[in-house]
Amino acid sequence: AGKYKRTVTPTKKVTKEDIKKSTEDINEIFNLFKSFVASQRPQLDIENVATGDTWFGEDALARGLCDELATADDVLLDFVDKGYDLYEVAYDPTPVGAGAFSLPRSSSADKAGMNGWRGVLKSMVRGVVSDVKEEIVSELSSSMNEMNSVERRYMMKDDSADRIKVQE
């Protein structure tokens, strides 16, 4: 709710007022970011580096945006040298249960274009629909085999003749 709930959205025509509000919001976020960086690196001339440019490696080091250049392995080995325990954590989804609720392994999910939770959800829904369809078809075909064509088309099977006995 509110006047600025949806300023820039594909469902409506963007006005000058929408652009102005979005620009104000972006500038506010940028100022908050600059304030945070300046508080963490007081030696940094924030106005000199907060220009929207991107600096890598030696350029970032020269401008005071990082303390040193190192590979991830160098950083981890430094922690080990300082006496920290180093653990490797790997996530590999394994199938849980069977049938519809089996989660695809990451490699097969990537090949199928099913990255992320949406792909897993789509896969699960397809599996459930497939399982339900198979169950219904199986149930219908077993009942159909027990009925003649008239019963199949128009009525339920009447088994009263088997249950009622005539006595004299």
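Residues numbered from 1 in each chain as written. Predicted model: local features only at pLDDT ≥ 70, side-chain atom pairs only at ≥ 80, totals over all residues. Heavy atoms only, no water.

### What to know about the packing of aromatic side chains
Summed over all chains, the structure comprises one aromatic pair. Each ring, one from Phe79 and one from Tyr84, has its centre 5.3 Å from the other, and the planes form 90°; the classification is edge-to-face. Residue Phe79 is classed as partly exposed on the basis of its relative accessible area of 39%. (Phe/Tyr/Trp six-rings, centres within 6.5 Å; stacked < 30°, edge-to-face > 60°. Buried < 20%, exposed > 50% of the residue type's maximum accessible area, 1.4 Å probe, protein only.)

### Quick notes on the side chain of Asp18
One can find Asp18 in helix H1 (residues 16–40). Here the side chain of Asp18 touches Thr15 through a polar contact of 3.1 Å, landing on its backbone nitrogen. With near-sequence residues (within four places) excluded, Asp18 lies in contact with Thr7, Val8, Lys12 and Lys13. (Helix = DSSP H or I, 4+ residues; strand = E, 2+ residues; numbered from the N terminus. Polar contact = N/O pair within 3.5 Å; in protein donor to acceptor, adjacent residues only side chain to side chain. Contact = heavy atoms within 4.5 Å.)

### Notes on the pattern of salt bridges
Following the criterion strictly, the structure yields five salt bridges and no others. The residue Lys20 makes a salt bridge to Glu24 at a minimum N-O spacing of 3.9 Å. Pair noted here: Lys20 and Glu24 are both in helix H1, with a separation of four residues, about one helical turn. We note a salt bridge from Lys82 to Asp78, for which the minimum N-O separation is 3.3 Å. On the basis of relative accessible area, Asp78 is assigned to the partly exposed category, the value being 36%. (Salt bridge = Lys/Arg side-chain N within 4 Å of Asp/Glu carboxyl O.)

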